[in-house]
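Descriptive structure summary
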Amino acid sequence: MMHAMTSWGLVEPWNPYVAVLPFLAYVICAWGAANGDRASLIAAVTAGSWCAQAHLGFVPLTLAVAVLALGWRVGPSSTGVIGGPPGWWPCRWC
């Protein structure tokens with residue numbers, strides 16, 4: 001992703017460019033929070049808040065990801081992890 005932004009996009013101080021990488025971190029942390037990781041939930045709230053404050057254009061994106069993650073977490077077929085029943089993952093911390 002950093003390669004696609006070019007070097008100018010990484011050093012440009014204008015707000016839309018500043019929030020691109022933290023938004024990627026937010027999406028990954030929201031995915032982890034949807035799967036039940038509490039540390040990812042804290043990181044997702046922090047990164048999402050930062051993105052929303054950095055530029056107004058990220059507010060709808062941040063809210064959409066939050067709604068999708070919440071829907072995944074509390075949905076009727078929610079198993080706690082993607083792809084299998086609870087406890088199928090080989091280690092607890094993974």
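Numbers given for residues are sequential positions, taken from 1 along each chain in its written order. A pLDDT threshold of at least 70 governs which residues receive local features in this predicted model, and a stricter bar of 80 or more applies before side-chain atom pairs are shown or counted, although totals over entire chains, interfaces and linings include all residues. Heavy atoms from the whole structure form the basis of all side-chain values; hydrogens and water molecules are not counted.

**A short note on the overall build of the protein**
Where helices and strands are cited, they refer to DSSP runs of H or I of at least four residues and of E of at least two residues respectively, numbered from the N terminus. For the protein, the helix and strand inventory stands at five helices and zero strands. Only protein chains enter the accessibility calculation, which uses a 1.4 Å probe; a residue whose area is less than 20% of its type maximum is buried, one above 50% is exposed, and one in between is partly exposed. Among the 94 residues that make up the protein, the fraction classed as buried is 27%. Sequence-distant contacts, at least 24 apart, represent 54% of the contacts inside the protein between residues at least 6 apart. All accessibility values rest on the Shrake-Rupley procedure with a 1.4 Å probe; residue burial counts only the protein chains present in the view. Of the roughly 6,800 Å² that the protein leaves accessible, carbon and sulfur atoms contribute 72%. Residues are treated as being in contact if the distance between any of their heavy atoms lies within 4.5 Å.

**Structural notes on the packing of aromatic side chains**
Aromatic rings considered in pairs are described by the distance between their centres and by the relative angle of their planes. Each pair of aromatic rings taken from Phe, Tyr and Trp, with Trp reduced to its six-membered ring, is defined by centres within 6.5 Å and is described as stacked if the planes are under 30 degrees apart, edge-to-face if over 60, and tilted in the remaining cases. Within the structure shown, the criterion is met by two aromatic pairs. Seen in terms of ring centroids, Phe-23 and Tyr-26 are 5.9 Å apart; in terms of plane orientation they differ by 40 degrees. Their pairing is tilted. One end of the pair is Phe-23 and the other is Tyr-26, both in helix α3 (residues 20–34) and three residues apart, which spans about a single turn. For Phe-23, a relative accessible area of 15% corresponds to the buried category. Classification of Tyr-26 as buried rests on a relative accessible area of 5%.

**Some details on the packing of α3 against helix α5 (residues 58–74)**
Two numbers describe how α3 lies on α5: the axes approach to 8 Å, and their chain directions differ by 15 degrees. Comparing the axis directions of α3 and α5 gives the class roughly parallel. For the pair α3 and α5, the sense of crossing is right-handed. Of α5, the residues touching α3 (which contributes Val-20, Phe-23, Tyr-26, Val-27, Ala-30, Ala-33 and Ala-34) are Phe-58, Leu-61, Thr-62, Val-65, Ala-66, Ala-69, Trp-72 and Arg-73. Residues of the contact of α3 with α5, tallied by class, amount to 13 nonpolar, one polar and one charged. Every axis in this analysis is a line fitted to C-alpha atoms, fitted for helices over the stretch in contact. Angles between the N-to-C directions lie between 0 and 180 degrees. Small angles under 35 degrees read as roughly parallel and large ones over 145 as roughly antiparallel, with 65 to 115 read as roughly perpendicular and the rest as oblique. By the definition used in this description, the sense in which the near helix is turned from the far one sets the handedness, with an anticlockwise turn below a right angle giving left-handed and a clockwise turn giving right-handed. Asp, Glu, Lys and Arg are counted as charged, while Ala, Val, Leu, Ile, Met, Phe, Trp, Tyr, Cys and Pro are counted as nonpolar; the rest, among them Gly, fall into the polar class.

**Side note on a nonpolar patch on the surface**
Exposure above 30% relative accessible area and the lack of any salt bridge qualify a residue for a patch; like charges then connect within 9 Å, and the nonpolar side chains Val, Leu, Ile, Met, Phe, Trp and Tyr within 5 Å. A pair is scored as a salt bridge if a Lys or Arg side-chain nitrogen falls within 4 Å of a carboxyl oxygen belonging to Asp or Glu. A grouping of Leu-21, Leu-24 and Ile-28 is seen on the molecular surface, where their side chains present a nonpolar patch of about 230 Å² in accessible area. Turning to its location among the elements, Leu-24 is positioned in helix α3. Taking the relative accessible area as the measure of exposure, Leu-24 reaches 36% and is therefore partly exposed.

**Some details on the packing of α3 against helix α4 (residues 38–54)**
α4 packs onto α3 with a crossing angle of 150 degrees between their chain directions and a minimal axis gap of 8 Å. Viewed along their axes, α3 and α4 adopt a mutual orientation that is roughly antiparallel. Crossing geometry of α3 relative to α4 is assigned as left-handed. Between α3, through Pro-22, Phe-23, Tyr-26, Cys-29, Ala-30, Gly-32 and Ala-33, and α4, the contact on the second element is made entirely by Ser-40, Leu-41, Ala-43, Ala-44, Ala-47, Gly-48, Trp-50 and Cys-51. The residue makeup of the contact of α3 with α4, split by class, is 12 nonpolar, three polar and no charged.

**Comments concerning the side chain of Ser-40**
With respect to the element layout, Ser-40 can be found in helix α4. Judged by its relative accessible area of 13%, Ser-40 is buried. Once residues lying within four places of it in the same chain are set aside, the contact partners of Ser-40 are Cys-29, Gly-32 and Ala-33.

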